[in-house]
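# Overview (structure and organization)
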Amino acid sequence: MFRITNNKRESIIKKNVLLTWVNPFLPLTSLCSVETSLPMRRTATVLSLSLPKITSVVQGKPDTKEWRLFFKSSGDVTISTWHDLPCQPKESGVDLFTFVSEIPRGTRAKLEMLKEEQHNPIGQDIHKKEPGKPLRYFTYGDMPFNYGFIPRTWESPDHVDPDTKCSGDGDPIDVVQISSVPTLPGVCQPVRVLGVLALIDQGETDWKILAEPLDSEYGHLSKVPKELKEKVIDWFRNYKTTDGKKQNEFAFNGEIKGAEEAIRIIHECAEQYKQLISDKADQKNHGYWLK
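The name recorded for the protein chain in an unreviewed UniProt entry is inorganic diphosphatase, from Angomonas deanei. Quoted verbatim from the Sequence similarities (unreviewed entry) field of UniProt, the annotation for the protein chain is "Belongs to the PPase family." Its UniProt record, at the heading Cofactor (unreviewed entry), says of the protein chain: "Mg(2+)".

In structure tokens, the structure reads:
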């Protein structure tokens, strides 16, 4: 069940898990608050994963260029979800990583973490080359999955990947969270990595990590329904065609590779992020806000 009202506190109930969240479009919101009624064996796993507790602060109205979602730590210090959250939760397994949600499934506004702005808030992307720079919305349809990124990763434009033969797109590595429940902008949670899709977007490497919530039923890429995997591939191949652009391309003939390959790529992007931060003193930060 998924419901949005004007109340500050909302609940998402999926199977026997209750995730409590706060509407991020209201002035002050509390994220990453988790209550669970999972069986004891799985409850212990969930509760042992440690992510910092953060709150969010909204500036501006939704569907405007001024709307921003900022984040604060428990000490009321403004933080960056890109730089201050861990790539992996503490005490997590090798296949568990931190997911920061930008776009909930079932929506069309192109929200993203803003690399160039102070503290890297989430805002709505714009058409930079169109007159008036209007806000971006997906015209291919509603987003069929939750979408976000893994903190402390970066796809370097200075690195040409041997498989895609293209340089990185300059963003943190993207996550496709396959879930029937929308995950609101700014929510951070551990996810289990299942695989990776090698998208080539306008000549740039743009990895898409397939992941699932910890309470999901799959556990392995082979158990994800073929129709769902085809929907993910179709979206990334065609979502720009309704804006008059060409289809995107893929490495590996569009095959979704498994978790082992995905984890390797995430770690490569984590190393590229470390290089980005180390180059900060040399003014090689590509115009990003790096603290």
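Moving on from the model shown.
### Points about the packing of aromatic side chains
Applying the stated criterion to the full structure yields 12 aromatic pairs. Considering the side-chain rings of Tyr147 and Phe236, the 6.2 Å spacing of their centres and the 45 degrees angle between planes classify their relative orientation as tilted. On the criterion of sequence distance, the pair formed by Tyr147 in strand E11 (residues 146-149) and Phe236 in helix H2 (residues 226-238) is long-range, its members being 89 residues apart. Summarising the burial analysis for this pair, Tyr147 and Phe236 share the class buried. Ring-pair connections join several aromatic residues into one group, and the members of that group are Phe138, Tyr140, Phe145, Tyr147, Trp235, Phe236 and Tyr239. Directly above the aromatic system of Phe252 lies the positively charged group of Lys257, at a separation of 5.0 Å from the ring centroid.

### Concerning the confidence of the model for the protein chain
Averaged over every residue, the pLDDT of the protein chain is 85; the share at 70 or more is 81%. Low pLDDT, under 50, characterises residues 1-30; the predicted model gives this stretch 84 contacts beyond four residues in sequence or across chains. A low-confidence stretch, residues 33-48 stays under pLDDT 50, and its non-local contacts, those more than four residues away or across chains, total 23 contacts.

### Things to note about unusual backbone geometry
Phi angles above zero are rare outside glycine, and Asp76 is one such case at about 65 degrees. Along the chain, the position of Asp76 falls in the loop between strand E6 (68-73) and strand E7 (78-79). On the basis of relative accessible area, Asp76 is assigned to the exposed category, the value being 55%. Phi at Gln202 takes a positive value of approximately 50 degrees, unusual for a residue other than glycine. Inspection of the secondary structure assignment puts Gln202 in the loop between strand E13 (188-201) and strand E14 (204-213). A relative accessible area of 58% means that Gln202 is categorised as exposed.

### Section: the side chain of Glu155
Take Glu155: it is sitting in the loop between E11 and strand E12 (174-177). Despite its burial, Glu155 pairs with no opposite charge, the nearest such side chain being Lys208 at 6.6 Å. A distance of 3.3 Å separates a polar side-chain atom of Glu155 from the backbone nitrogen of Trp207. Contact partners of Glu155, with chain neighbours within four places excluded, come to Gly168, Asp169, Gly170, Asp171, Pro172, Ile173, Asp174, Thr205, Asp206, Trp207, Cys269 and Gln272.

### Here's the deal with helix H3 (residues 259-278)
For the α-helix, the turn length of 3.6 residues means that residues three or four positions removed from each other point alike. Compared with an ideal rise of 1.5 Å per residue, which puts 20 residues at 28 Å, H3 spans 29 Å between its outermost C-alpha atoms and is within 8% of the ideal. Residues of H3 that are buried include every one of Ala262, Ile263, Ile265, Ile266, Cys269, Ala270, Gln272, Tyr273 and Leu276, and no others. Check the buried side of H3 and you find it contacts strand E8 (96-103), E13, E14 and strand E16 (257-258).

### Observations regarding the pattern of salt bridges
Under the definition given, this model contains 19 salt bridges. Here Arg68 ties to Glu117 by a salt bridge, and the two come within 2.8 Å at their closest N and O atoms. Pair noted here: Arg68 is in strand E6 and Glu117 is in the loop between strand E9 (111-113) and strand E10 (122-124), with a separation of 49 residues, a long-range link. The exposure class assigned to Arg68 is buried, which follows from its relative accessible area of 15%. Between Asp76 and Lys72 there is a salt bridge; the shortest N-O distance is 3.5 Å.

Definitions and limits used
- Residues numbered from 1 in each chain as written.
- Predicted model: local features only at pLDDT ≥ 70, side-chain atom pairs only at ≥ 80, totals over all residues.
- Heavy atoms only, no water.
- UniProt positions renumbered as here; feature names shortened; annotations may be inferred.
- Phe/Tyr/Trp six-rings, centres within 6.5 Å; stacked < 30°, edge-to-face > 60°.
- Helix = DSSP H or I, 4+ residues; strand = E, 2+ residues; numbered from the N terminus.
- Buried < 20%, exposed > 50% of the residue type's maximum accessible area, 1.4 Å probe, protein only.
- Lys NZ or Arg CZ within 6 Å of the ring centre and 35° of its normal.
- pLDDT = per-residue confidence, 0-100.
- Contact = heavy atoms within 4.5 Å.
- Lys, Arg positive; Asp, Glu negative; His and termini not counted.
- Salt bridge = Lys/Arg side-chain N within 4 Å of Asp/Glu carboxyl O.
- Polar contact = N/O pair within 3.5 Å; in protein donor to acceptor, adjacent residues only side chain to side chain.
- Expected span 1.5 Å × (residues − 1).

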